[in-house]
Amino acid sequence: MSPAPSTTDVATVPAGSADGAARLRLKPAAPPSGAVDGGWWPRSRDLAAELPALLDGLGDRSGPVARVAYHLDGWDPAPRRLPKGARLEGFRTTDPRILTVAGRDGKRLVLLVVPSSTEDAPAEAALDAAAHTGDAGDTRTTADLLAGS
């Protein structure tokens, strides 16, 4: 499926969000377990404004980012590219609670997206659940993780 069309080509936004660092928790770099590699709690639905802080927070875990895939209904309209060249690809067929970051060197991270409107305590619980290192048979869904289980 092709990414949805966009009205702009490149995002021109200041780096970071309202107060800087991304609210992000990642599992330790290890063999994958569970549905996600960690969780992210953006401050708004403006993907282009939120991504610079997230990508800075991911650092070497993702390497240089080539592509970010997201569900269209979870975000305000976004450009097709970020200033540093990463492609933004919006889909309607992906899990709306997931954002996938693909690095140029083949690294791939799947993040649970905690809605920006979530209250502090449930958001923190979801981030903790997403970053918990479960066993290889971890069957929690993204809905389970958002529920803090």
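Right above here is the structure, for reference.
Quick caveat: nothing in here was measured; it's all calculated off a predicted structure.

Attention now goes to the sheet that holds strand 5 (residues 98-103). Think of a sheet as strands paired side by side through backbone hydrogen bonds, with each pair either parallel or antiparallel. Pairing is mixed across the open sheet formed by six strands, whose spatial order is 1-2-6-5-3-4. Of all strands in the sheet, those bounded by a partner on one side alone are strand 1 (24-26) and strand 4 (87-91). Between one strand axis and the next, the sheet turns through 25 degrees on average, direction left out of account. Inspection of the sheet shows strand 3 (residues 65-71) paired to strand 4 by five bridges, in the parallel sense. Bridge assignment links Arg-67 to a residue of strand 4, and that residue is Arg-87.

In this section: the pattern of salt bridges. Tallying each qualifying case throughout the model produces seven salt bridges. A salt bridge links Arg-25 to Asp-128; the nearest nitrogen and oxygen atoms lie 2.9 Å apart. Residue Arg-25 is found in strand 1, and its partner Asp-128 is found in helix 2 (residues 120-131); the two are separated by 103 residues along the sequence. Given a relative accessible area of 45%, Asp-128 falls into the partly exposed group. Here Arg-97 makes a salt bridge to Asp-95, at a shortest N to O gap of 3.2 Å. Bridged by salt links that share partners, the residues Arg-25, Glu-124 and Asp-128 form one connected network.

The way to describe two aromatic rings as a pair is by their centre distance and the angle between their planes. Per the counting criterion, the structure on display carries one aromatic pair. With a centroid separation of 5.6 Å and an interplanar angle of 20 degrees, the aromatic rings of Trp-40 and Trp-75 are classed as stacked. With a gap of 35 residues between them, Trp-40 in strand 2 (residues 38-40) and Trp-75 in the loop between strand 3 and strand 4 connect regions that are remote in the sequence. Directly above the ring of Trp-41 sits Arg-23, whose terminal nitrogen or CZ lies 3.6 Å from the centroid.

This brings us to empty space enclosed by the protein. Following the criterion strictly, the structure yields one cavity of 30 Å³ or more and no others. Considering only enclosed or pocket space, the largest cavity measures out at about 30 Å³ in volume. Lining the largest cavity are Lys-27, Gly-34, Ala-35, Val-36, Ala-129, Ala-130, Asp-138, Arg-140 and Leu-145. Looking at the lining of the largest cavity, its residues break down into five nonpolar, one polar and three charged.

Definitions and cut-offs
- Residues numbered from 1 in each chain as written.
- Predicted model: local features only at pLDDT ≥ 70, side-chain atom pairs only at ≥ 80, totals over all residues.
- Heavy atoms only, no water.
- Pairing = 2+ DSSP bridges.
- Helix = DSSP H or I, 4+ residues; strand = E, 2+ residues; numbered from the N terminus.
- Axes fitted to C-alpha atoms, helices over the stretch in contact; angles between N-to-C directions.
- Salt bridge = Lys/Arg side-chain N within 4 Å of Asp/Glu carboxyl O.
- Buried < 20%, exposed > 50% of the residue type's maximum accessible area, 1.4 Å probe, protein only.
- Phe/Tyr/Trp six-rings, centres within 6.5 Å; stacked < 30°, edge-to-face > 60°.
- Lys NZ or Arg CZ within 6 Å of the ring centre and 35° of its normal.
- 1 Å grid on protein atoms, 1.4 Å probe; cavity = no way out; pocket = protein on both sides within 12 Å on 5 of 7 lines; lining within 4 Å.
- Points joined across faces, edges and corners; volume = space filled by probe spheres on them.
- Nonpolar A, V, L, I, M, F, W, Y, C, P; charged D, E, K, R; others polar.

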